[in-house]
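Each chain, written out:
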Amino acid sequence: MTKSILFVCLGNICRSPTAEAIFRGQAQGRGLEIDSAGTSGWHDGNPSDPRASAEAARRGIDMSYIRSRKVVPADFERFDLIVAMDAQNVRDLQAIQPAASRAQLVKLLDYTPEIGLSDVPDPYYEDNFPEVLDMIELACGNLLASL
Ligand code: 4NP
């Protein structure tokens, strides 16, 4: 049974903390452990990108409590499911995945075959936060329904 879920992107300031906050709201009362992390560690200890938290706040979602952290090999023992935002995240995660790891590694858009995209675009560069949040809300809802 899936009880703990970690969302992962590159910086852990745009896509994965947004997924963490959205999913936490959707999964309220389900008793799941939910967290997010980044493959890079570039923004360790920093709050999320203000463009992400502003778009989330417009939708009634609080991201102010989230601080960026780097993903660690122990996350593969702590979490049942690790949800990457794109194919590069998957490669970076596989590079640190312990041989006997128990976590299942998937991509968020595996849950939205209907939109025909396999990677969540990086809004840090593309500045398309509303579009990315729509995508993350849809995919997180489908992920929750799949559990
Ligand atoms: P994220 O976006 O992986 O969705 O958090 C990025 C955040 C920061 C950087 C790149 C992507 N950066 O180059 O600092």
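Everything discussed here concerns the structure shown above.
What comes next concerns the included structure. (Residues numbered from 1 in each chain as written. Predicted model: local features only at pLDDT ≥ 70, side-chain atom pairs only at ≥ 80, totals over all residues. Heavy atoms only, no water.)

1. Quick look at the side chain of S48
Here is the rule we go by: By the criteria applied, helices consist of DSSP H or I runs no shorter than four residues and strands consist of E runs no shorter than two, each listed in order from the N terminus. Burial classes: relative accessible area under 20% of the type maximum marks a residue as buried, over 50% as exposed, and values in between as partly exposed (1.4 Å probe, protein chains only). Residue contacts are defined here by distance: any two heavy atoms, one from each residue, within 4.5 Å place the two residues in contact.
Turning to its location among the elements, S48 is positioned in the loop between β2 (33-38) and α2 (50-58). Note on S48: relative accessible area 10%, which makes it buried. The contact partners of S48, leaving out residues within four places of it in the chain, are I13, P17, S53, M63 and I66.

2. Side note on the packing of α2 against helix α6 (residues 129-146)
In plain terms, the rule: Here, axes are lines fitted to C-alpha atoms. For helices the fit covers the stretch in contact, and angles between N-to-C directions go from 0 to 180 degrees. For classification purposes, angles smaller than 35 degrees are called roughly parallel, those larger than 145 roughly antiparallel, those between 65 and 115 roughly perpendicular, and all remaining angles oblique. The crossing is said to be left-handed when, going from far helix to near helix, the turn is anticlockwise and less than a right angle, and right-handed when the turn is clockwise. Here the term charged refers only to Asp, Glu, Lys and Arg, the term nonpolar to Ala, Val, Leu, Ile, Met, Phe, Trp, Tyr, Cys and Pro, and the term polar to all other amino acids, Gly among them.
Across the interface, α2 lies against α6 with an axial gap of 10 Å and an inter-helix angle of 60 degrees. Judged by the angle between their axes, α2 and α6 are oblique. In this structure, the crossing between α2 and α6 has a hand that is right-handed. In this structure, α2 contributes R51, A52, E55 and A56 to the contact, and α6 contributes F129, P130 and L133. Classifying every residue of the contact of α2 with α6 gives five nonpolar, no polar and two charged.

3. Considering the packing of helix α1 (residues 15-26) against α6
Viewed as axis vectors pointing N to C, α1 and α6 meet at an angle of 50 degrees, and their least axial separation amounts to 9 Å. The pairing of α1 with α6 is recorded here as oblique in orientation. Relative to α6, α1 is oriented so that their crossing is right-handed. Where α1 approaches α6, its residues R15, T18, A19, I22, F23 and Q26 are matched on the opposing element by V132, L133, I136, E137, C140, G141, L143 and L144.

4. Notes on α1
The line we're drawing: For a helix, the expected span equals 1.5 Å multiplied by the residue count minus one.
Look at α1: 16 Å from first C-alpha to last across 12 residues, which is about the 16 Å you get at 1.5 Å a residue. The buried fraction of α1 is high, at nine of 12 residues. Inspection of α1 places R15, S16, P17, T18, A19, E20, A21, I22 and F23 among the buried residues, and these make up the whole buried set. Looking at the buried positions of α1, the neighbouring elements they touch are β1 (4-9), β2, α2, α4 (87-96), α5 (123-126) and α6.

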